[in-house]
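An overview of the molecular structure
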Amino acid sequence: MKKTVDVSIPLGPVHPCWKEPVRLKCETAGERVLRAEVELGYMKKGIERIMRGRPWQEVMFLAERVCGICSVIHNMVFIETMEKISAITVPPRAAYLRVIVNELDRMASHILANFSYCYTIEHETLAMYLLNTRETVLDNLERITGSRINTAYMIPGGVRFDLLPEDAAAMLADLVKVEDEMKRHVRIFETGPLIALRSRGIGVMSLEEAIEAHTVGPTARASGVPDSDLRLRHPTYRALGFEQITRTEGDNFARVMVRFQEVFQSIDLIRKCIETLPDGPIRGGGLCRAGEAAHSGEAPRGELTYSIKTDEYGRVLDIAIRTPSIMNIEACAHSMIVNAASIADVTSTFISSDPCIACNER
């Protein structure tokens, strides 16, 4: 009788399915995965060290370069932390414009994450459809900020540019197009037999495991973690009547579906912001002062925290950034991948957690 020998199978650091370099080391017995370990360290940027000692005007640009996929929320959380330190208030119109830009960036990030997942399970048709839809979202991000990726849109006390009436009308028209396309994409994803075989019941993480691993963002909400969306505690989102999207299956399918549902939610939030956009200035003014504070915001992947200490001139003396993928990657390795029935499910399960290596290796 042939004996099954445990084998160590490395995936990465360069892999066709990875957006960024990372290595997964899987211990297997036959096809079943017994243990998994994540190995990082292939693209360290040292960006926190570069930030120290620089004025906030420079750090603002560095912050959004921590990650190109979710650059807007890095800009937003950094600026809101500086406003917290310096007691700077934001005009209502600027607060609504911030939500519009943040939700456009969330849509672009979620669509890219789901593109990566569909590409990983070899549903390349749906993957290309998603990537094409994302272009329309980025076009609207450029329409309001002047840039598709690194926008530098938010400044202490407000935003850089207003939303013109003709741009608002064009954005609303594009949102109708995006919504129609996304409904078709979701229908393909929900009914595709290949997708069901590769997604439903694969990479399951229970509610208890998600809480124990401190997972955040859509990864946590797909396992039913309550009150895990920080937008519930943000004053502007509360004014807009924001409610968290939650599923309970905890598998690859649920994680992708949470992102799909949040794209539709982002569309509704943007529409509500445009329809109820308050009149008034887009900048309130104020000076960045000495102090120390920590502040968190809801990035596309979950809780993003900036801890900042400044001097009387607004220079950043010390800064620490905690990104959401830190917790989610560990949860993926120790809860989702373990006991996977096939090594082929490892890549898709890892991608379903939407890991951001650039954020981790800042």
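Below or above, wherever it landed, is the structure these notes cover.

Reading the values: the criteria
- Residues numbered from 1 in each chain as written.
- Predicted model: local features only at pLDDT ≥ 70, side-chain atom pairs only at ≥ 80, totals over all residues.
- Heavy atoms only, no water.
- 1 Å grid on protein atoms, 1.4 Å probe; cavity = no way out; pocket = protein on both sides within 12 Å on 5 of 7 lines; lining within 4 Å.
- Points joined across faces, edges and corners; volume = space filled by probe spheres on them.
- Nonpolar A, V, L, I, M, F, W, Y, C, P; charged D, E, K, R; others polar.
- Helix = DSSP H or I, 4+ residues; strand = E, 2+ residues; numbered from the N terminus.
- Pairing = 2+ DSSP bridges.
- Axes fitted to C-alpha atoms, helices over the stretch in contact; angles between N-to-C directions.

Under the criterion given, the structure shown has two cavities of 30 Å³ or more. Roughly 50 Å³ of internal volume is contained in the largest cavity. Every residue along the wall of the largest cavity is listed here: Trp 18, Lys 19, Glu 20, Val 22, Phe 350, Ile 351, Pro 355 and Ile 357. Broken down by class, the residue content of the lining of the largest cavity amounts to six nonpolar, no polar and two charged. Approximately 30 Å³ is the volume found for the second largest cavity. Surrounding the second largest cavity, Gly 68, Ile 69, Ser 71, Asp 105, Ala 108, Arg 134, Leu 138, Arg 148 and Ile 149 form its lining. For the lining of the second largest cavity, the secondary structure elements donating two or more residues are helix 4 (92-120) and helix 5 (124-145). Residue composition of the lining of the second largest cavity, by class: four nonpolar, two polar and three charged.

The three strands are arranged 6-7-8 in an open sheet whose pairing can be described as antiparallel. A single partner strand is all that each edge strand has here, and the edge strands are strand 6 (291-299) and strand 8 (316-322). Each neighbouring strand pair of the sheet contributes to a mean axis angle of 15 degrees, computed without reference to strand direction. Pairing of strand 6 with strand 7 (residues 302-310), which is carried by nine bridges, proceeds in the antiparallel orientation. Bridging from a neighbouring strand, Ala 299 pairs with Gly 302 of strand 7.

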